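Spelled out from the first residue to the last, the chains are:
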Amino acid sequence: MLQTEGSARISLGKDVFLNPKMSQLRDLSVLFLKVASAKDALLLDATSATGIRAIRYAKEAGIRKAVLLDINKDAANASRRNVKANKLKFPVINKSIQEFANTANARYDIIDLDPFGSPAPYIHDIMKLVGDNTILMVTATDTAVLCGAHEAACIKIYNSKPLHTVLCKEAGIRILISYIARTAAQFNCGIEPMLGISDMHYMRVFLRIHYGAKNAVDSLKRTGFCVYCSNCNGFSFHKGVAPTISNRCAYCGKAASISGPMWLGDLHNGEILKKMSKESGELNNGSRTQLKTITNELDTPMFYSIPSMTKSLSIGSVSHKEVMKNLEKKGFKVSITQFEKESIKTDARPGDVIRAVKSSR
Ligand SMILES: C[S@@+](CC[C@H](N)C(=O)[O-])C[C@H]1O[C@@H](n2cnc3c(N)ncnc32)[C@H](O)[C@@H]1O
């Protein structure tokens, strides 16, 4: 069966995975590489399945050198067939990431890791394949784990305590990044997140690797813990490996939840996002709206869910747009967020947001 996505023509094989619902994310990954990578970069599509990613990155983002890898024989055969059918000449290797990483002698400039479920078990081996400035693109579809529906699983897989509240998606993506930062540090590498996306059942992070002990330590300094209060909806952060943390809310004094370690630094690179927006003409409406939301999103950790706040305050619903207007009038920065509907990111403190919510009735 032949399928077309972007400039790629793909034939599926028996038991070879292709999720058409991920095409929007593949579109954004193509656009990201178009603006963030060099054309002579060497790409590893570490979980190639049909080979659609490497093929699209070559035909649409101008990547000229790639290696495709898949543990599954049928998938490797499908990738080989599709690479040839799209008139490309990339090697396809039928090995596991683990086996490949222990025998490979090349360093890759771009690595796409898109496994089933959690990427955590592969990050250690992937780190053996990176060089200074490597772009790492990592998908996680174990969002129930990262979002805290299975707390013990998150602790076991990511060594982090999740935040099973309205903030769970942002906490989840930050837990994933901190796991990558902590693994990268073991290899004397730091990380620079350039784009973080959370949508439907997936999270995807785009990072750059920076060699050096100082970079590794600097990244670790940007991980830490979040204290979230479901009474006043306030949150505070404590950076470092073992900071002193009270489980009382810093604003209202009520008992609060502690979650982490998680990444507390920036999620996005503004320059890259600007360039992506400029080149976004060929995206469909859904991807363009998603990119616009992310580009305009304030890059500060966590947000206020207006429905959660009205519920805690026992008042009727108010429009988040009205709350945004009220905060802007007072001189605060404010934006919507990709992580939750009717929710806002702002530099205002909980008391200011509560006042803005009350005056929006
Ligand atoms: C979600 S699919 C990849 C989808 C593809 N990137 C796309 O966009 O359509 C995951 C692929 O990873 C492969 N895989 C699973 N474990 C692996 C491992 N240890 N090493 C290499 N490939 C692996 C599976 O065989 C499967 O084809």
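Relevant structure appears above.
Computed from a prediction, not measured in an experiment: that's the story for all the values here.

Moving on, we come to the layout of surface pockets. Taken as a whole, the largest pocket encloses approximately 590 Å³ of empty space. The wall of the largest pocket is formed by 31 residues, among which Thr47, Asp70, Asp114, Pro115 and Phe116 lie closest to the centre. Split into classes, the residues belonging to the lining of the largest pocket amount to 14 nonpolar, 10 polar and seven charged. Each pocket or cavity is described by its volume, and for the second largest pocket that value is around 380 Å³.

The next subject is the sheet that holds strand β6 (residues 108–113). The mixed open sheet is built from seven strands, whose spatial order is β5-β4-β3-β6-β7-β9-β8. Edge positions in the sheet fall to β5 (92–93) and β8 (189–199), since each of these pairs with one other strand and no more. Relative to β6, strand β3 (residues 42–45) runs parallel, the two sharing three bridges. Bridged to Leu44 within β6 is Ile111.

Within the structure, the ligand sits among 20 residues, and Arg26, Arg53, Asp70, Ile97 and Asp114 are positioned closest to it. Between the ligand and Asp70 there is a distance of 2.6 Å, counted from an oxygen atom to a side-chain nitrogen or oxygen. In this structure, a nitrogen atom belonging to the ligand sits 3.1 Å away from a side-chain N or O atom of Gln98. Across the complex, the protein chains shield 93% of the 600 Å² of accessible surface that the ligand would expose by itself. Structurally, the ligand is housed in the largest pocket. Mapped onto the shell around the ligand, the elements with two or more residues apiece are α2 (52–61) and α4 (97–103). A per-class count over the shell around the ligand returns 10 nonpolar, five polar and five charged.

Calculation notes
Residues numbered from 1 in each chain as written. Predicted model: local features only at pLDDT ≥ 70, side-chain atom pairs only at ≥ 80, totals over all residues. Heavy atoms only, no water. 1 Å grid on protein atoms, 1.4 Å probe; cavity = no way out; pocket = protein on both sides within 12 Å on 5 of 7 lines; lining within 4 Å. Points joined across faces, edges and corners; volume = space filled by probe spheres on them. Nonpolar A, V, L, I, M, F, W, Y, C, P; charged D, E, K, R; others polar. Pairing = 2+ DSSP bridges. Helix = DSSP H or I, 4+ residues; strand = E, 2+ residues; numbered from the N terminus. Near = heavy atom within 4 Å. Polar contact = N/O pair within 3.5 Å; in protein donor to acceptor, adjacent residues only side chain to side chain. Areas by Shrake-Rupley, 256 points an atom, 1.4 Å probe, with all protein chains shown as cover. Sits in = over half its atoms within 2 Å of the grid points.

These figures come from the coordinates and say nothing about function on their own.
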